[in-house]
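Architecture at a glance
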Amino acid sequence: MEKEFKQTKRSKFQKPAGMHDILFENQRYFKKIYNVVEEIANFYRFEKIDTPILEETELFSRGIGLSTDIVQKQMYSFKSRGGDFLTLRPEGTAPIVRSFIENGMFNLPQPVKLWYFGPFFRYERPQAGRYRQFHQFGFETLGEKSPIVDAQIIQIFFQILKTLKFKNLIIEINSIGDSQCRPYYKKLLTSYFRSREASLCANCRRRLRENPLRVLDCKEEKCQPIKAQAPQLIDHLCKECHWHFKEVLEFLDTLELPYRLNPYLVRGLDYYTKTVFEIFEDTEEGRKQGVLVGGGRYDTLVKLLGRKDVPACGGSAGIERIINLMKGKKIRLSSFPKPKIFLAQIGNLAKRKSLKIIEEFRKAKIEVTESFGRDSLKAQLNRANRMGVKFTLILGQKETLEGTIMIRNMKTGSQELVKLDKIVKVMKRRLKSK
Ligand code: HAM
């Protein structure tokens, strides 16, 4: 994320590469996004869930897949003092499935609908929209196989981004089949790519051995013509997967969501079955930031991690990428509301009294500001002027002793003395009448 302040000198200690402090302005974006996500999650009756930042390493190597980039290159893994192999979570779905099983959520009325918001960690090469600590919010529906769930998950992400004023969104969608149809397709694909192996990039030659589907994901120029002629899974889906995909697309049509089929979309995690989707902003800046939301169906993950078949579908969104694009759109968020009242105090006794007065204003929900570090009235009035407040309350030595306070109208310069114990009431009336 971009710097908020100019740095004068390099400090002795630096944050780890690819990780960021979330400073003032970014905090407001995080809060805005959190509020929108929470409101939509509540409407659709998703329950909030938080899982630990650390999990057993095996949860991810099994859940995400040994041959994936995440497991091979991107996990922060270590052995704890107690000898456990732990990993900073690179994603949220495997932990949620672990929690679903461990807490016996299959005994709850199904489906179980969960949402989350928090930090994730991947050891990647830091670049625009790609960090080593980043944040996601996500939605997961477990225990329902109907294609309407896939459409609802996509709809939820789409609506969140629309509420955040994204206008050029596009959904890419594909079906990667299931254990019925994918093995045969994989064979077809492998023999197709094998016969052209010499023309593939080094990365693809490795992928071909580990997971031929991932060759479809390659962005290298030299692999594109070979990819373009490759057999497409969509033509080889089994009856069930074909029906499921058709239904999802029909639901998206009904919802009037803008989508396009992408036969090369396979996603970088191994747990997907049937539907996979990504949402991004279809502009130059949007493509630079990368995919905003990724997700899909994962009907076999619960079983893989130790329990019976529980179909599931979900997705997650990259919060930093969303914020970077919101900033580019000049969606600025205001900081604190502008205060209308400044409290100036002169002398120690007045200063002490001020703390109590401010507290009374807080209880009455009226914003008041001050500048305790400045002692002279002139300096305080200057500050009040710069802040553009409507009124300055002046509490001097004399007023404090007499139990009064002066109200100064900053526009007209007129002043009025009122009883100190009435000041909150008087100001409430004044602010209302203006
Ligand atoms: P993912 O595609 O790996 O999917 O990540 C989801 C989103 O997180 C991405 O589209 C991107 O916006 C953001 N993201 C990922 N890596 C980074 C990074 N290094 N820096 C910044 N943002 C990043 C998952 O994580 C799956 N768990 C999604 C899912 C949920 N599938 C089913 N349920």
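I will try to describe carefully the structure that is included in this document. (Residues numbered from 1 in each chain as written. Predicted model: local features only at pLDDT ≥ 70, side-chain atom pairs only at ≥ 80, totals over all residues. Heavy atoms only, no water.)

1. Digging into the pairing of strand 4 (residues 85–88)
The condition that has to hold: By the convention used here, strands pair only if DSSP detects at least 2 bridges between them. Helix numbering and strand numbering both begin at the N terminus, where a helix is a DSSP run of H or I of at least 4 residues and a strand a DSSP run of E of at least 2.
In this structure, strand 2 (residues 54–56) lies alongside strand 4, joined through 3 bridges in antiparallel fashion. Note on strand 4: the bridge partner recorded for Leu54 is Leu88. Bridging between strand 3 (residues 77–79) and strand 4 involves 3 bridges; their strand directions are antiparallel. For Ser77, the partnering residue across the bridge sits in strand 4 and is Thr87.

2. Some thoughts on a positive patch on the surface
Here is the rule we go by: Patch definition: residues with relative accessible area over 30% and no salt bridge; like charges joined within 9 Å; nonpolar side chains (Val, Leu, Ile, Met, Phe, Trp, Tyr) joined within 5 Å. Surface accessibility in these figures is a Shrake-Rupley result with a 1.4 Å probe; residues are shielded only by whichever protein chains are displayed. Salt bridges are identified by distance alone: a Lys or Arg side-chain nitrogen within 4 Å of an Asp or Glu carboxyl oxygen. Only four residue types enter the charge count: Lys and Arg as positive, Asp and Glu as negative, with His and the chain ends excluded. To locate a charge, take atom NZ for lysine, CZ for arginine, CG for aspartate or CD for glutamate. Only protein chains enter the area calculation, which uses a 1.4 Å probe; residues under 20% of their type maximum are buried, those over 50% are exposed, and those in between are partly exposed.
Residues Lys419, Lys422, Lys425 and Arg429 make up a contiguous surface patch of positive charge. Mapped onto the elements, Lys425 comes out in helix 16 (residues 423–433). When its relative accessible area of 59% is taken as the criterion, Lys425 is described as exposed.

3. Details of the site of the ligand
Heads up, the condition is: We call a residue near a given molecule or strand whenever any one of its heavy atoms falls within 4 Å of it. Here a polar contact means two N or O atoms within 3.5 Å. Within protein one must be a hydrogen donor candidate and the other an acceptor candidate, and residues neighboring in sequence count only if both atoms are side-chain atoms. We call Asp, Glu, Lys and Arg charged. Ala, Val, Leu, Ile, Met, Phe, Trp, Tyr, Cys and Pro are nonpolar, and the rest, Gly among them, are polar.
Around the ligand sit 27 residues, and of these Glu91, Glu124, Tyr131, Tyr272 and Val291 come closest. At a separation of 2.6 Å, a nitrogen atom of the ligand approaches a polar side-chain atom of Glu124. Contact between the ligand and Leu292: an oxygen atom at 3.2 Å from a main-chain N or O atom of the residue. Taken by itself the ligand offers 660 Å² of open surface, and the protein chains cover 96% of this. Listed by contribution, the elements that provide at least two residues to the shell around the ligand are strand 6 (133–142), strand 10 (293–297) and strand 11 (312–318). Considering only residue class, the shell around the ligand consists of 10 nonpolar, 10 polar and 7 charged.

4. Notes on the sheet that holds strand 12 (residues 341–345)
Note the following rule: Under this scheme, a helix contributes an axis fitted over its contacting stretch, all axes are lines through C-alpha atoms, and angles between N-to-C directions fall in the 0 to 180 degree range. Pairs of residues are marked as contacts when any of their non-hydrogen atoms sit within 4.5 Å.
With respect to topology, 5 strands assemble into an open sheet ordered 13-12-14-15-16, the strand pairing being mixed. Edge positions in the sheet fall to strand 13 (368–370) and strand 16 (415–419), since each has one partner strand and no second. Sheet twist, expressed as the mean angle between neighbouring strand axes with direction ignored, is 30°. Relative to strand 13, strand 12 runs parallel, the two being bridged by 3 bridges. Looking at strand 13, one finds that Leu343 is bridged to Glu370. Strands strand 12, strand 13, strand 14 (391–395) and strand 15 (404–409) of the sheet are contacted by helix 14 (residues 377–387), whose axis makes an angle of about 170° with strand 12.

5. Some remarks on the nonpolar core
Put simply, the test is: Residues grouped as a nonpolar core are buried Ala, Val, Leu, Ile, Met, Phe, Trp, Tyr and Cys residues, joined through side-chain atoms within 4.5 Å.
Counting residues in hydrophobic clusters, the biggest one holds 99 residues, and the most contacted among them are Ile33, Phe137, Phe139, Leu142, Phe193 and Ile322. Broken down by element, this core gets its largest block of residues, 9 residues, from helix 5 (residues 147–163). Counting residues in hydrophobic clusters, the runner-up holds 18 residues, among them Ile341, Phe391, Val418 and Val426.

6. Observations regarding helix 9 (residues 239–254)
Defined as follows: Each residue after the first adds 1.5 Å to the expected span of a helix.
Its 16 residues give helix 9 an end-to-end C-alpha distance of 23 Å, which sits within 8% of 22 Å, the value for a rise of 1.5 Å per residue. Three or more residues of helix 9 are buried, namely Cys241, His244, Phe245, Glu247, Val248, Leu249 and Leu252. Of the residues flanking the end of helix 9, it is Glu256, one or two places downstream, whose phi is positive at about 55°.

7. Comments concerning the pattern of salt bridges
Opposite charge on two side chains makes pairing possible when the charged atoms of those side chains draw close. Under the definition given, this model contains 26 salt bridges. As a salt-bridge pair, Arg98 and Glu55 come within 2.7 Å of each other at their nearest N and O atoms. Of this pair, Arg98 sits in helix 4 (residues 93–102) while Glu55 sits in strand 2, placing them 43 residues apart in sequence. Given the relative accessible area of 6%, Glu55 is considered buried. For the salt bridge of Lys274 with Asp299, the shortest nitrogen-to-oxygen distance reads 3.8 Å. Highlighted residues: Lys274 in the loop between strand 8 (259–261) and strand 9 (275–281) and Asp299 in the loop between strand 10 and helix 11 (301–304), separated in sequence by 25 residues.

8. Description of the side chain of Ser99
Secondary-structure assignment places Ser99 in helix 4. Judged by relative accessible area, Ser99 falls into the buried class, the value being 6%. Here Ser99 is in contact with Ile49, Thr51 and Met105, once residues within four sequence places are set aside.

9. What to know about the packing of aromatic side chains
To keep things clear, this is the line we draw: We call Phe, Tyr and Trp rings a pair once their centres come within 6.5 Å, taking the six-membered ring for Trp, and we label the pair stacked below 30 degrees between planes, edge-to-face above 60, and tilted otherwise.
Enumeration over the complete set of coordinates arrives at 14 aromatic pairs. With a centroid separation of 5.6 Å and an interplanar angle of 55°, the aromatic rings of Tyr34 and Trp115 are classed as tilted. Remark: Trp115 occurs in strand 5 (residues 112–121) and Tyr34 occurs in helix 1 (residues 24–43); sequence separation between them is 81 residues. You can call Tyr34 partly exposed: its relative accessible area is 23%.

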